[in-house]
Protein chains: 4
Amino acid sequence: MIIRIDLESDTPIYNQLTNQIMEGIATGELKPGQALPSVRALASDLGINLHTVNKAYSILKDSGFVQIHRQKGAVVQAGGMPPADLAFEERLERELRPMAAEAVGRGMTEERWLALCRQAFEQLHARREGGTI
Amino acid sequence: MIIRIDLESDTPIYNQLTNQIMEGIATGELKPGQALPSVRALASDLGINLHTVNKAYSILKDSGFVQIHRQKGAVVQAGGMPPADLAFEERLERELRPMAAEAVGRGMTEERWLALCRQAFEQLHARREGGTI
Amino acid sequence: MIIRIDLESDTPIYNQLTNQIMEGIATGELKPGQALPSVRALASDLGINLHTVNKAYSILKDSGFVQIHRQKGAVVQAGGMPPADLAFEERLERELRPMAAEAVGRGMTEERWLALCRQAFEQLHARREGGTI
Amino acid sequence: MIIRIDLESDTPIYNQLTNQIMEGIATGELKPGQALPSVRALASDLGINLHTVNKAYSILKDSGFVQIHRQKGAVVQAGGMPPADLAFEERLERELRPMAAEAVGRGMTEERWLALCRQAFEQLHARREGGTI
DNA sequence: GTGGTCTAGACCACT
DNA sequence: GTGGTCTAGACCACT
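Model, not experiment: these values are computed from the prediction.

> I would appreciate a short explanation of the protein's contact with DNA strand E in the present structure.
Near DNA strand E lie 25 residues; those nearest to it are Ile13, Tyr14 and His51 of chain B together with His51 and Gln71 of chain D. Counting only atoms of DNA strand E within 4 Å of the protein, the fraction found in sugar and phosphate groups is 68%. One nitrogen or oxygen atom from the main chain of isoleucine 13 of chain B is found 2.4 Å from a phosphate oxygen belonging to DNA strand E. Within the side chain of arginine 40 of chain D, a nitrogen or oxygen atom sits 2.8 Å from a base nitrogen of DNA strand E. Going through the elements one at a time, helix H1 (13-27) and helix H3 (50-62) of chain B, helix H1 (13-27) and helix H3 (50-62) of chain C together with helix H2 (39-46) and helix H3 (50-62) of chain D are the ones with two or more residues in the surface near DNA strand E. Looking at the surface near DNA strand E, the element that brings in the most residues is H3 of chain B, giving three residues. Grouping the amino acids of the surface near DNA strand E by side-chain chemistry returns nine nonpolar, eleven polar and five charged.

Here's what the structure looks like:
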């Protein structure tokens, strides 16, 4: 899986990393049980700091997407992904609200808004169909 | 219009403020041409610093939602809100992507995802219909 | 002569007013010896504050473009306009420098830059030819 | 590069700073990719507040002349300066107009006006040719 | 060590 | 009375 870090982005590097790994898991590019690169290897690959990779892995562990074994390192959660529970839905709502508000304020139609939301979701599924080893 | 600031949140105060004013504009609670409180008044109301309010107002000005008259203070943009142009759609896509990825990763169905997206949009329109006293 | 004030502009109103009167003098729309409207009349016409008009007139007086008679009010300088002396050229240079710098930084060609400078100058002369009473 | 701040000037300090850095970029004294001093270092060098430097850097960032890397600090935009697009030309026209008006009002010839405009442009290019040690 | 955010407090220009 | 600018000083996130 190819990860691209934009050092000039406003998004902190550890967030970019977390997001992209989560996308990899969502598309199935990263399979349950699959090992992630070691913190050291990934940091050197991407030319970023050890701590930054570590922080991303910790967040993924805390939200239940990966497990961290003392020896094997980080592994994509094998038995059951974390559920889309109420707490997650509430967070989603909280994050969607300001985006929807700006869309409404700019006069975007509900159809266009939903089309963009659908597109964001289906792009991940599409990649899931394709399948990369 | 009631504004609530969560000092514990890790969303910066000026962002919380910007978002809520944008919601007010989206729902129509804040009418085009309507005056916003002066930076000093709002800051003291919310118990925050005047510079923090100032930053929120500046962002709203730069994105075209309010006008700042040097002596009269800030008023909601009267003639034509900023359009939902390509740049905005691209930003929206960029922001929706990681949220969709986490939803997919957590096994949320596309139906549920779209329901939440629709809900976020329609809640604003609903409030718009309702009208404020 | 028609004066338009943009209350939403970043340029202070007294500057807008000063500039437009100076343009009127430059194009000849305002003739030497011609009386300007009274402070009171102009302020009420434009819907702005007395003090604001007063400040504009004072600046024009200080730079030698108008004379202020206690009874007749403000009159366009009759006997000889203020010269484009060294002090003025130095001020011009100081103001042109940052604009030229940004133009160069943005890759504008010298031809284009000079075309815009020429245009700004000739538009005033063109209006001078036409002549409005 | 030597930066001089005039605390007496009525041009805000952050504008003086922005202008001088832009001149540095225009002349090539500041090379693409080159690091600017940290806000703290420059502020202490110039004897001004760090927030003032911050504001100048933010303006340069927003207009595309520098990039701000959260931890590395500010660097001159490397890949492609912001273009001299229509919006910039319109701004230039708006700023040139009152200067041209005053020049005409003071009886400056078009030749002299253009000579000063050319000089402002070429002085930057000249410095560019020269090269800095 | 870097910029980002926030506070507190001041003076000024504009109206 | 309004926003604009500036200072001084603090804590935090990121690396």
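Back to the write-up after that little detour.
> Could you clarify how one ought to interpret the domain arrangement of chain A in this entry?
Interface size, as often reported, equals the accessible area lost upon joining of the parts. Along its sequence, chain A is organised into domain 1 (13-76) and domain 2 (86-130). The straight-line distance from the C-alpha centre of domain 1 of chain A to that of domain 2 of chain A is 25 Å.

> Explanation requested: the packing of aromatic side chains in the structure shown.
Aromatic ring pairs: the centre-centre distance and the angle between the two ring planes describe each pair. Under the criterion given, the structure shown has four aromatic pairs over all chains. Its guanidinium or amino end placed over the ring of tyrosine 14 of chain A, lysine 55 of chain A lies 4.5 Å from that ring's centre, counting from NZ or CZ.

> Honestly, the pairing of strand S2 (residues 73-76) of chain D in this entry has me stumped. Any pointers?
Regular strands show a simple pattern: their side chains alternate between the two faces of the sheet. Residue and element names in this part refer to chain D. By the bridge criterion, four bridges tie strand S1 (residues 66-69) to S2 in an arrangement that is antiparallel. If you follow glutamine 67 over to S2, its bridge partner there is valine 75. Counted along the chain from S1 to the antiparallel partner S2, the turn is three residues long.

> What is the right way to look at the protein's contact with DNA strand F in this model?
Residues in contact with DNA strand F amount to 26 residues; listed here are only the nearest, His51 and Gln71 of chain B together with Ile13, Tyr14 and His51 of chain D. A distance of 2.7 Å is found between a phosphate oxygen of DNA strand F and a side-chain nitrogen or oxygen belonging to tyrosine 14 of chain A. With respect to DNA strand F, the backbone of asparagine 49 of chain D contributes an N or O atom lying 2.9 Å from a phosphate oxygen. Tallying contributions element by element places H3 of chain D first for the surface near DNA strand F, with three residues.

> Got a minute to help me understand the packing of helix H4 (residues 86-105) of chain C against helix H4 (residues 86-105) of chain D in this structure?
Across the interface, H4 of chain C lies against H4 of chain D with an axial gap of 11 Å and an inter-helix angle of 170°. Considering their axes alone, H4 of chain C and H4 of chain D lie roughly antiparallel with respect to each other. Along its contact with H4 of chain C, which presents Phe88, Arg91, Leu92, Glu95, Leu96, Met99, Glu102 and Ala103 of chain C, the element H4 of chain D presents Phe88, Arg91, Leu92, Glu95, Leu96, Met99, Glu102 and Ala103 of chain D. Its residues assigned to classes, the contact of H4 of chain C with H4 of chain D shows ten nonpolar, no polar and six charged.

> What is the right way to read the arrangement of the chains from this model?
Left apart from each other, chain A and chain C have a closest C-alpha approach of 20 Å. Contact between chain B and chain D is absent, and the least distance between their C-alpha atoms amounts to 11 Å.

> Looking at this structure, I do not really get the interface of chain C and chain D. What am I missing?
Contacts between the two partners involve 43 residues from chain C, matched on the other side by 43 residues from chain D. Connecting chain C to chain D are five salt bridges. At the junction of chain C and chain D, the tally comes to ten residue pairs in polar contact (both at pLDDT 80 or more). For the side of chain C that touches chain D, the secondary structure elements donating two or more residues are H1, H4 and helix H5 (110-130) of chain C. For the side of chain C that touches chain D, the leading source of residues is H4 of chain C, giving 16 residues.

Rules used in this analysis
Counting of residues starts from 1 at the beginning of each chain's written sequence and follows it residue by residue. A letter from A marks each chain and a number from 1 marks each ligand, given out in the order of writing. Per-residue local features of the predicted model are confined to residues with pLDDT of at least 70, and side-chain atom pairs are confined, for both listing and counting, to 80 or more; whole-chain, interface and lining totals are unaffected and use all residues. Each side-chain value is worked out from all heavy atoms of the structure, with water and hydrogens disregarded. The rule for a residue being near a molecule or strand is that one of its heavy atoms must lie within 4 Å of it. Polar contact criterion, stated in full: a pair of N or O atoms within 3.5 Å, where within protein one must be able to donate a hydrogen and the other to accept it, and residues adjacent in sequence count only if both atoms are side-chain atoms. Strands are runs of DSSP state E lasting at least 2 residues, helices are runs of H or I lasting at least 4, and numbering of each runs from the N terminus. For this scheme, ten residues count as nonpolar: Ala, Val, Leu, Ile, Met, Phe, Trp, Tyr, Cys and Pro. Four count as charged, namely Asp, Glu, Lys and Arg, and the remainder, Gly too, count as polar. Segmentation into domains, and thus their bounds, comes from an automatic or database assignment. Aromatic rings from Phe, Tyr and Trp, taking only the six-membered ring of Trp, are treated as a pair when their centres fall within 6.5 Å; an angle between ring planes under 30 degrees marks them as stacked, one over 60 as edge-to-face, and anything in between as tilted. Counted as over-ring charges are cases with an Arg CZ or a Lys NZ within 6 Å of the ring centre that also lie within 35 degrees of the ring normal. Any two strands with at least two DSSP-identified bridges between them are counted as paired. All axes here are fitted lines through C-alpha atoms, helices being fitted over the stretch that makes contact, and every angle between N-to-C directions spans 0 to 180 degrees. With respect to orientation, any angle under 35 degrees is reported as roughly parallel, any angle over 145 as roughly antiparallel, any angle of 65 to 115 as roughly perpendicular, and every other angle as oblique. Note on contacts: a residue pair qualifies if any of its non-hydrogen atoms lie within 4.5 Å across the two residues. The working definition used for a salt bridge is a side-chain nitrogen of Lys or Arg within 4 Å of a carboxyl oxygen of Asp or Glu.

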